[in-house]
Structures are given as C-alpha cells and as structure tokens.
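# A structural walkthrough
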Amino acid sequence: MAQGDIAQHLTNWHVGHGFWTFDLDTILMGWVLAAVLVITSMVVGRRLVSGAPTGMQSWLEGVVEFIDNLVTDSFPVRDPMIAPVALTVFLWILLMNSMDVIPAYLPAIVAHWFGIPEFRITPTVNLNTTLGVAIAVFLLSLFTSLRVKGFAYFKTYLTHPFGPWLFPLNIVMTLIEEITKPLSLGLRLFGNMFAGELVFLLLVMLPWWGEGILGVVWSSFESLIIILQAFIFTVLTVVYLGMANMQEH
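Read on for an overview of the structure. (Residues numbered from 1 in each chain as written. Predicted model: local features only at pLDDT ≥ 70, side-chain atom pairs only at ≥ 80, totals over all residues. Heavy atoms only, no water.)

### Focus on a nonpolar patch on the surface
- There is a patch of nonpolar side chains on the surface, built from Leu158, Phe167, Ile171, Leu175, Ile179, Leu183 and Leu187 and spanning about 580 Å² of accessible area.
- Looking at the nonpolar patch, the element that brings in the most residues is helix H8 (residues 167-204), giving six residues.
- Within the fold, leucine 183 resides in helix H8. (Patch = residues over 30% accessible without salt bridge, like charges linked within 9 Å, V, L, I, M, F, W, Y side chains within 5 Å. Areas by Shrake-Rupley, 256 points an atom, 1.4 Å probe, with all protein chains shown as cover. Salt bridge = Lys/Arg side-chain N within 4 Å of Asp/Glu carboxyl O. Helix = DSSP H or I, 4+ residues; strand = E, 2+ residues; numbered from the N terminus.)

Given below as structure tokens:
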C-alpha cells in the first residue's frame, strides 16, 4: 500500500467545504450502529427469560450489572439518570470502536461498488464524533448541576479556587477547567482510535508474512484498546455526572 493509498483510507466520504463539511460515512455509521443497539435491546427485552439467561441476554445483563455497580460504588448520591446514560455511552462507543477491527480495505471495496470514493467505517476515528459525544456529556453534567443546585451553581465561577476577592481570575480558571473536560474526553478517545487505525494501515505495507504475524498480534492488542477506551470514557462520564450531583451549595 502506497502513501497515497493510506491518505485515501484516512479520507472521509464527505460533502461541503470548510466549516460546513459533513462526513457522511461517520454520520451514517453512527446512526446505523445506534439503530443496531436500539433494535438489539428491544428484541432482547421482549424475549427475556428468567433463571439462567444465555446468549445476548446474559451478556447485556452482565454489562448492566457492571455499570450499575460502577455507579453505586463510585457515588453515594443516587441519580436515576446516571446509570442509563453511562450504559448507553458504553455500549454505543464500544460498538463504534469495534468497527476498527474490520480491515480498512473491505469497506473501501464495498463503497467502491456503490460509487463512493472513500469510506471510513469507524466513527470514533473522526474527531467530530468523539467531541460530539463528549460535549453531549458535558452539557448533560451542566444540566444536572443546574437541576441540583439551581443558579447557585454559578457561584463556583466567582469563588473557586481563590476566593471571592479574586473573582475575575476565578471566572477564567473555572472556565478553563470546564472547557478542558469535553476536550480531554473527546481527544483521548480520538487519539487512541486514530492511532490504532494508522497502525493497521502501516501493517498492510509490510510483506505478507510480516503483515500476517504482526496483524494478529496487533488485532489482539487493539481489541483490548477498544474495550478499554469505551470503559475510560464511561468512567469519566460517571465521574462528571456524579460531581454535578455532589457539588456543595
């Protein structure tokens, strides 16, 4: 694979230019995977069995229990919104990350059949996706803070961290602290997933024997990264929502 081929694989199927560029492959795959998640949950929900569940029900119940324990053990404050949000974030990001194990040339070949010049199948290798989910989590935590504290929440901007006499500096510092939350959340996920995709493309440039051996090793490692990044994003989501509930008046 030449450098030009790598550049092509790293190019999104898009329309528009500049700020008004829409990455159609990212939007399509994000909605398709969200639909898969919703439909699967509905099907499993309608076929619930008591006793010892098997298959998808067993796996989903394990994930639900894991998220519930994570929320319960992390914060004494009980907010019925945190666990469902954390579960949705974990499953959706895990599903989007999992697309990274599909060889890059397969979606490109299928897209070429439909006359699409480029197609990136993994939504989380696009910064727009990771920042979009991170901003949604941040706005939800902001809403939670306002719901719990009311407009007294904004006192934090005036008194933290240096006391009321330095309120101009407090406003700047608190704004920086708040802005870095979605930035770090989105950039961390994007950076790890993009690096994984790039390594896969570089492995394709090796001889067939090197590509095969290292490809198997890296695929195993990448599977751990896919799960770990979804877990980290979920834990930070729980932390931010928990902090919004626990803020003092």
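### Some details on the nonpolar core
- Membership of the largest hydrophobic core comes to 38 residues, with the highest contact counts inside it found for Phe90, Ile93, Leu185, Phe233 and Val238.
- Listing elements by their share of this core, those giving two or more residues are helix H2 (24-46), helix H3 (55-74), helix H4 (82-98), helix H6 (127-149), H8 and helix H9 (208-246).
- Top contributing element to this core by residue count: H4, with nine residues.
- Residues within four places of valine 238 in sequence aside, it is in contact with Leu70, Val71, Phe75, Ile82 and Ala86. (Core = buried A, V, L, I, M, F, W, Y, C linked by side-chain atoms within 4.5 Å. Buried < 20%, exposed > 50% of the residue type's maximum accessible area, 1.4 Å probe, protein only. Contact = heavy atoms within 4.5 Å.)

### Digging into the pattern of salt bridges
- Counted according to the given criterion, the structure contains two salt bridges.
- For the salt bridge of arginine 120 with glutamate 197, the shortest nitrogen-to-oxygen distance reads 2.5 Å. Of this pair, arginine 120 sits in the loop between helix H5 (105-113) and H6 while glutamate 197 is found in helix H8, placing the two residues 77 residues apart along the sequence.
- Between glutamate 178 and lysine 181 there is a salt bridge, with its nearest N and O atoms 3.4 Å apart. Highlighted residues: glutamate 178 and lysine 181, both in helix H8, separated by three residues, approximately one helical turn.
- On the basis of relative accessibility, which here comes to 12%, the residue glutamate 178 falls in the buried class.
- Here lysine 181 falls in the buried class, since its relative accessible area comes to 16%.

### Section: a negative patch on the surface
- A contiguous patch of negative charge, built from Glu61, Glu65, Asp68 and Asp73, is present on the exposed surface.
- For aspartate 68, the position within the fold is in helix H3.
- Judged by its relative accessible area of 33%, aspartate 68 falls in the partly exposed class. (Lys, Arg positive; Asp, Glu negative; His and termini not counted. Charge placed at Lys NZ, Arg CZ, Asp CG, Glu CD.)

### Describing the packing of H3 against H4
- Where H3 contacts H4, the axes come no closer than 9 Å and their chain directions differ by 130°. Looking at the two axes, H3 sits oblique to H4. The way H3 lies across H4 gives a crossing that is right-handed. Contact residues: H3 offers Trp59, Leu60, Val63, Val64, Ile67 and Val71, while H4 offers Ile82, Ala83, Ala86, Leu87, Phe90, Leu91 and Leu94.
- Classifying every residue of the contact of H3 with H4 by side-chain character gives 13 nonpolar, no polar and no charged. (Axes fitted to C-alpha atoms, helices over the stretch in contact; angles between N-to-C directions. Parallel < 35°, antiparallel > 145°, perpendicular 65-115°, else oblique. Left-handed = near helix turned anticlockwise from the far one by under 90°. Nonpolar A, V, L, I, M, F, W, Y, C, P; charged D, E, K, R; others polar.)

### Description of H3
- Helix length check: H3 (20 residues) gives 29 Å between terminal C-alpha atoms against 28 Å at 1.5 Å per residue, within 8%.
- When H3 is considered as a whole, its buried residues turn out to be Gln57, Leu60, Val63, Ile67, Leu70 and Val71. Looking straight down H3, one finds its buried side chains confined to an arc of 155°; they lie on one side. What points out from H3, more than 90 degrees from its buried face, is the exposed set Gly55, Glu65 and Asp73. (Expected span 1.5 Å × (residues − 1). Arc of directions from axis to C-beta.)

### As for H2
- For H2, built from 23 residues, the straight-helix expectation of 33 Å at 1.5 Å per residue is met to within 8% by its first-to-last C-alpha distance of 33 Å.
- Buried residues belonging to H2 abut strand E2 (22-23), H3, H4 and H6.

### Looking at the packing of aromatic side chains
- Tallied over the entire structure, the rule returns five aromatic pairs.
- Taking 5.8 Å as the distance between ring centres and 40° as the angle between the ring planes, the aromatic pair formed by phenylalanine 66 and phenylalanine 231 counts as tilted. Within this pair, whereas phenylalanine 66 is found in helix H3, its partner phenylalanine 231 is found in helix H9, the two being separated by 165 residues in sequence.
- Given a relative accessible area of 37%, phenylalanine 66 falls into the partly exposed group.
- Look at phenylalanine 231 and you get partly exposed, because its relative accessible area is 32%.
- Ring pairs connect the aromatic residues Phe66, Phe90 and Phe231, which therefore count as one cluster. (Phe/Tyr/Trp six-rings, centres within 6.5 Å; stacked < 30°, edge-to-face > 60°.)

### Side note on the environment of glycine 242
- Residue placement: glycine 242 occurs in helix H9.
- Owing to a relative accessible area of 1%, glycine 242 belongs among the buried residues under this scheme.
- Filtering out sequence-adjacent residues up to four positions away, glycine 242 remains in contact with Phe75 and Ile82.

Function-wise, these values are silent; they only describe arrangement.
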